[in-house]
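Inside the fold
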Amino acid sequence: MRGAGLKPVKVGICGLGTVGGGTFNVLKRNAEEIARRAGRKIIVEEIGARRINPDCDTKGTQMTSDVLEVARNPEIDVVVELIGGYDVAKELVLTAIEHGKHVVTANKALIAVHGNEIFEAAQKKNVMVAFEASVAGGIPIIKAIREGLSANKINWLAGIINGTGNFIMTEMRDKGRDFDDVLKEAQELGYAEADPTFDVEGIDAAHKLTILASLAFGMPLQFEKAFTEGISKITRDDVQYAEELGYRIKHLGITRRAENGVELRVHPTLIPETALIANVNGVMNAVLVDGDAVGQTMYYGPGAGAEPTASAVVADIVDVVRTLTADRDNRVPHLAFQPSELSDAAILPVEQTESAYYLRMNAEEKPGVLAKITSILGEQGINIEAIIQKETSEDQVPVIILTQSVLEQKLNDAIAQIEALAEIGGSVTRIRVEHFDS
Ligand code: HSE
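If you're wondering where the values come from, they're calculated on a predicted model, not measured in any experiment.

**Brief notes about the pairing of strand β14 (residues 384–389)**
- Summarising the sheet, β14 and strand β15 (residues 396–403) pair through five bridges and their orientation is antiparallel. Within the sheet, the bridge partner assigned to Ile387 lies in β15 and is Ile401.

**Side note on the site of the ligand**
- Contacts to the ligand come from Lys108, Asn162, Gly163, Thr164, Tyr191, Ala192, Glu193, Asp199, Asp204, Lys208, Gly303 and Ala304.
- In the model, a nitrogen atom of the ligand is placed 2.6 Å from a nitrogen or oxygen of the Glu193 side chain.
- The contact in question runs from an oxygen atom of the ligand to an N or O atom on the side chain of Lys208, over 2.8 Å.
- Contact with the protein chains covers 91% of the free accessible surface of the ligand, which is 260 Å².
- Every element with two or more residues in the shell around the ligand is listed here: α7 (163–175) and α10 (203–217).
- Looking at the shell around the ligand residue by residue, the class counts come to three nonpolar, four polar and five charged.

**Brief notes about the UniProt feature "binding site: NADPH" (unreviewed entry) in the protein chain**
- UniProt annotation of "binding site: NADPH" (unreviewed entry) refers to Lys108 when read in the numbering used here.
- Relative to the helices and strands, Lys108 is located in helix α5 (residues 108–125).
- Beyond its immediate stretch of four places on either side in the chain, Lys108 contacts Ser134, Glu193, Asp204, His207, Lys208 and Ile211.

**Examining the side chain of Glu434**
- Looking at the secondary structure, you find Glu434 in the segment after β17 (424–433).
- Reaching out from Glu434, the side chain makes a polar contact with the side chain of Arg256 at a distance of 3.2 Å.
- Contacts of Glu434, omitting those with residues within four sequence positions, involve Ile254, Arg256, Arg265, Thr269, Leu270, Ile271 and Pro272.

**A closer look at the pattern of salt bridges**
- On inspection of all chains with the given rule, the structure shows 33 salt bridges.
- Here Glu229 makes a salt bridge to Arg432, at a shortest N to O gap of 3.3 Å. With a gap of 203 residues between them, Glu229 in the loop between β8 (227–228) and α11 (236–244) and Arg432 in strand β17 connect regions that are remote in the sequence.
- Overlapping salt bridges bring together Glu171, Lys175, Arg177, Asp181 and Glu185 as one network.

Conventions adopted
- Residues numbered from 1 in each chain as written.
- Predicted model: local features only at pLDDT ≥ 70, side-chain atom pairs only at ≥ 80, totals over all residues.
- Heavy atoms only, no water.
- Pairing = 2+ DSSP bridges.
- Helix = DSSP H or I, 4+ residues; strand = E, 2+ residues; numbered from the N terminus.
- Near = heavy atom within 4 Å.
- Polar contact = N/O pair within 3.5 Å; in protein donor to acceptor, adjacent residues only side chain to side chain.
- Areas by Shrake-Rupley, 256 points an atom, 1.4 Å probe, with all protein chains shown as cover.
- Nonpolar A, V, L, I, M, F, W, Y, C, P; charged D, E, K, R; others polar.
- UniProt positions renumbered as here; feature names shortened; annotations may be inferred.
- Contact = heavy atoms within 4.5 Å.
- Salt bridge = Lys/Arg side-chain N within 4 Å of Asp/Glu carboxyl O.

Dropping the structure here:
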């Protein structure tokens, strides 16, 4: 093997849970194939974990319960952070960098929230921080955007980037299962976050979207400015009415280059049922990217789970190992663009973003009510795409309206006026609609 004379690279794995265990097993099982790709052997020198993993045969591998010991171990070249969370993980990564070690992490929360600081520290120390596994598990989406699409001016991207949420939406729609029941299964399968509200309320997806937006547009990570709306308020009625109109509801992360800034938002979204991404089901993830040269491309695959995520972690380790003998000035920059070239484009408040909408309201069944609703929308310059009134035996009937694209602030004003009508009961449900036009 070429490079066989090079010393093996020594890796320290911190965290031996779902992803850590998967990474250990893949490195061991495919050691020969991986060495042929990397050009030298990769050895797990030490594992830092508080608990053993019954799925891993760690006999013969040095173990410690102190992950910082791994970060300081002079024998180790690459520290693999798979403990998750913010605090200890941040200390671990910064300690590893301080000790001149390259870092591979699957931690989207850490990168989305502390990535700017971590990359700055890594640049000072001339080390790599690789984070492919932080977004969409096994899909090499970071590599695709950062390297494969580097010719393009990226216009927008949209993704189903939380497997747990997609699993819940799919099971509820296809099998009429209860929300809690499906969530419990996702937890048992090792897909869900330690705090599953991160999955359900879109925080996990916002972490991932923040990373993708920075890579797509070359701007610092700005998680705190992401707009996040969860799926817990989606009703079976909405799922059914959406289907009648030819749409599926998916929990999407969307980032778009607009005239006056960048949109960065996670929310339930109606998607035409004929769109490829509307048919991404279960725990699978997909990211659709619109670039000015290539047009639309879509990346699909498992977004969570032990070995799919390990696939991305190990690919990063191989990348780092190849980089060890490469020219430091010609590494792929952390955020795809050279650090000195990052843009200061503003993240737009959600009121300044544009979208089409699905609206559902309960209206009294009497003459003139629909006219009042449509005239409020008309006064705000909101075009109606479709309108349905459902028959019921109740005094109030559900009215469903699809609008064309409108500035969110105008929609907010219209909804406030509609809710103030005496003939409207309760609040108006709104769900954004995407058609993925170029
Ligand atoms: N909880 C995440 C998901 C795990 O369900 O997609 C992968 O990041």
